[in-house]
Amino acid sequence: MKNFRRFLSVFLSVLMLMSAFAVVSSAEDCNHLYEATNVAPTCVESGYTLYACPLCGDSYKDYKNGLPSLGHNYGDWKTLQEVSCIDEGYQQRDCSRCGSSEVKTIPIIDHNDKNYDGKCDFCALEIGTTNTISPFDWLVALFKAIVQWFKDIFA
C-alpha cells in the first residue's frame, strides 16, 4: 500500500508538471484566433473591446474605440443622522448604476435660543440671555401679549 501511494503521488506530480509546461508552450505556439467582445463602460471604467483566443485563453483589451466611463449617477441626499448642537449630521446618496455611495458630514450647528428663554432650543443647555432682540421682535412680542390680555379679559 505504501508503494502504491508513493507511485500515485509521483505520477500526479509529473502529470501536473507536464500539464503546466503544455499550457505555457501552447500559448506561445498558438495561432491565435481572437474573438472580439465589446465591454460596455461602467461608472468608473471606460468601455473596451476584449480580444480572447478560445484555443489558448490568451486575451488583451483595446481601449481605442471604447466609450468613456459614464461617471456616477447619484440620487438625492438622504439624511442618516440629523445635525444638532451636540452631534454632527450625516447625509448619503447612492449611484443608481453601480450602488456606490457617497457620505457627507454636516457640521455641528451653534446653540440657538429663538424663544429667548436662556436655553438652547435643541439641547436645553443654559446659554444665557442676549440683548440682541430687534425692535421688530419686541413689537411682535408686545402685540402677542396685548392679544392674550384681551383674550383673557373677554373669554
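If you're wondering where the values come from, they're calculated on a predicted model, not measured in any experiment. Along every chain, residues carry numbers that run from 1 in the direction the sequence is written. Local features in this predicted model are restricted to residues whose pLDDT is 70 or higher, and side-chain atom pairs enter the listing and the counts only when it is 80 or higher, whereas totals over whole chains, interfaces and linings include all residues. Only hydrogens and water are set aside when side-chain values are computed; all heavy atoms of the structure are taken into account.

### Overview of the overall build of the protein
Here comes step 1: When helices and strands are tallied, the protein shows two helices and six strands.
Here comes step 2: Each helix and strand of the protein, placed in order from N terminus to C terminus, yields the pattern α-β-β-β-β-β-β-α.
Here comes step 3: Relative accessibility under 20% of the residue-type maximum defines a buried residue, over 50% an exposed one, and the middle range a partly exposed one, all with a 1.4 Å probe and only protein chains included. Within the protein, buried positions represent 10% of all 155 residues.
Here comes step 4: Taking the intrachain contacts of the protein between residues at least 6 apart in sequence as the baseline, contacts between residues at least 24 apart amount to 27%.
Here comes step 5: Using the Shrake-Rupley algorithm and a 1.4 Å probe, accessible areas are obtained, with residue cover drawn only from the displayed protein chains. Carbon and sulfur atoms provide 59% of the accessible area of the protein, an area that totals close to 12500 Å². A run of H or I in DSSP becomes a helix once it reaches four residues, and a run of E becomes a strand once it reaches two; helices and strands are each numbered from the N terminus. Contacts were defined at the residue level, with two residues in contact if any of their heavy atoms lie within 4.5 Å.

### Focus: the pattern of salt bridges
Here comes step 1: By definition here, a salt bridge exists when the distance from a side-chain nitrogen of Lys or Arg to a carboxyl oxygen of Asp or Glu is within 4 Å. According to the stated counting rule, one finds one salt bridge in the structure shown.
Here comes step 2: In this structure, Glu102 engages Arg93 in a salt bridge whose closest nitrogen and oxygen atoms are separated by 2.6 Å.
Here comes step 3: With relative accessibility at 29%, the residue Glu102 sits in the partly exposed group.
Here comes step 4: The class for Arg93 is partly exposed, based on a relative accessible area of 22%.

### Things to note about the environment of Pro68
Here comes step 1: Residue placement: Pro68 occurs in the loop between β3 (59-62) and β4 (78-81).
Here comes step 2: Under the relative-accessibility criterion, Pro68 is labelled exposed at 60%.
Here comes step 3: Between the C-alpha atoms of Pro68 and Thr42, which are 26 residues apart in sequence, the distance is 8.7 Å.
Here comes step 4: Setting aside chain neighbours within four positions, we find Pro68 in contact with Pro41 and Ser46.

### Remarks on the pairing of β3
Here comes step 1: In short, DSSP must find at least two bridges between two strands for them to pair. By the bridge criterion, four bridges tie strand β2 (residues 48-52) to β3 in an arrangement that is antiparallel. Opposite Tyr51, over in β3, you have Tyr60 as the bridge partner.

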